[in-house]
Amino acid sequence: MELIENSLQLLVTFSGACLAGIAYRKSGRQAYFLLLCFYGCFALGALYWTLYLLLFGTTPRVFYVSEVGWVASVIFLRILHILPVLLMAAGKLRAPDPA
């Protein structure tokens, strides 16, 4: 059951990375690039975990590789979260008008 869940998680995150990459290529916006990095790092961590589970039949005792990928993905997501604030501070983005 765990292998099925991890495989599904890998498929979804890889699909998200592909869609974010396509959106970045079409628009060239930095937000899509950061989203691509988030999904890519998360997918690589899930890939390591899933392959280890598939090859050895157990979860890894030491999971530094997948953990580094997951922490890196959270860092990219946090940068994406604060990007509008940084752009408004630099004067490159206006605050939305209250309606």
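Residues numbered from 1 in each chain as written. Predicted model: local features only at pLDDT ≥ 70, side-chain atom pairs only at ≥ 80, totals over all residues. Heavy atoms only, no water.

Peer 1: Before we move on, can you summarise the overall build of the protein chain with the specific residues and values?
Peer 2: Assigned secondary structure in the protein chain consists of 3 helices and 0 strands. Starting at the N terminus and ending at the C terminus, the protein chain contains elements arranged as α-α-α. Its C-alpha radius of gyration of 17 Å places the protein chain more than 25% over the 13 Å reference for a compact globule of 99 residues. Seen along its three principal axes, the alpha-carbon backbone of the protein chain occupies a region of about 55 × 25 × 25 Å. Counting across all 99 residues of the protein chain, residues that qualify as buried make up 22%. Intrachain contacts of the protein chain at a sequence separation of at least 6 include 58% that bridge at least 24 residues. For the protein chain, the separation between the mean place of its 7 positive charges and that of its 4 negative charges on side chains is 17 Å. (Helix = DSSP H or I, 4+ residues; strand = E, 2+ residues; numbered from the N terminus. Rg over C-alpha atoms; globule rule 2.2 N^0.38 Å. Buried < 20%, exposed > 50% of the residue type's maximum accessible area, 1.4 Å probe, protein only. Contact = heavy atoms within 4.5 Å. Lys, Arg positive; Asp, Glu negative; His and termini not counted. Charge placed at Lys NZ, Arg CZ, Asp CG, Glu CD.)

Peer 1: A description of the environment of A46 should follow, citing residues and the corresponding values.
Peer 2: Position of A46 among the secondary structure elements: in helix α2 (residues 30–56). Along the backbone, A46 and A72 are 26 residues apart, and their C-alpha atoms lie at a distance of 13 Å. Apart from the residues lying within four places of it in its own chain, the contact partners of A46 are L10 and W70.

Peer 1: Quick rundown of the packing of aromatic side chains? Include the residues and the values.
Peer 2: Aromatic rings considered in pairs are described by the distance between their centres and by the relative angle of their planes. Tallying each qualifying case throughout the model produces 7 aromatic pairs. With a centroid separation of 6.2 Å and an interplanar angle of 40°, the aromatic rings of F42 and W70 are classed as tilted. Of this pair, F42 sits in helix α2 while W70 sits in helix α3 (residues 64–89); the two residues are 28 residues apart in sequence, bridging distant segments of the chain. What makes F42 partly exposed here is its relative accessible area of 21%. Residue classification places W70 among the partly exposed positions, given a relative accessible area of 24%. Each ring, one from Y52 and one from F56, has its centre 4.6 Å from the other, and the planes form 50°; the classification is tilted. (Phe/Tyr/Trp six-rings, centres within 6.5 Å; stacked < 30°, edge-to-face > 60°.)

Peer 1: A description of the packing of helix α1 (residues 2–27) against α2 should follow, citing residues and the corresponding values.
Peer 2: Where α1 contacts α2, the two axes come as close as 8 Å, and the packing angle between them is 155°. In terms of axis orientation, α1 runs roughly antiparallel to α2. Handedness of the crossing formed by α1 with α2: left-handed. The class makeup of the residues in the contact of α1 with α2 is 19 nonpolar, 9 polar and 1 charged. (Axes fitted to C-alpha atoms, helices over the stretch in contact; angles between N-to-C directions. Parallel < 35°, antiparallel > 145°, perpendicular 65-115°, else oblique. Left-handed = near helix turned anticlockwise from the far one by under 90°. Nonpolar A, V, L, I, M, F, W, Y, C, P; charged D, E, K, R; others polar.)

Peer 1: Lay out the packing of α2 against α3 in plain terms, naming residues and giving numbers.
Peer 2: α3 packs onto α2 with a crossing angle of 165° between their chain directions and a minimal axis gap of 8 Å. For the element pair α2 / α3, the angle class is roughly antiparallel. Relative to α3, the crossing made by α2 is left-handed. Two secondary-structure elements touch here, α2 through Q30, A31, L34, L35, C37, F38, C41, F42, G45, A46, Y48 and W49 and α3 through V65, S66, G69, W70, A72, S73, V74, F76, L77, I79, L80 and L83. Among the residues making up the contact of α2 with α3, the classes are represented as 19 nonpolar, 5 polar and no charged.

Any link to function would need more than the numbers given here.
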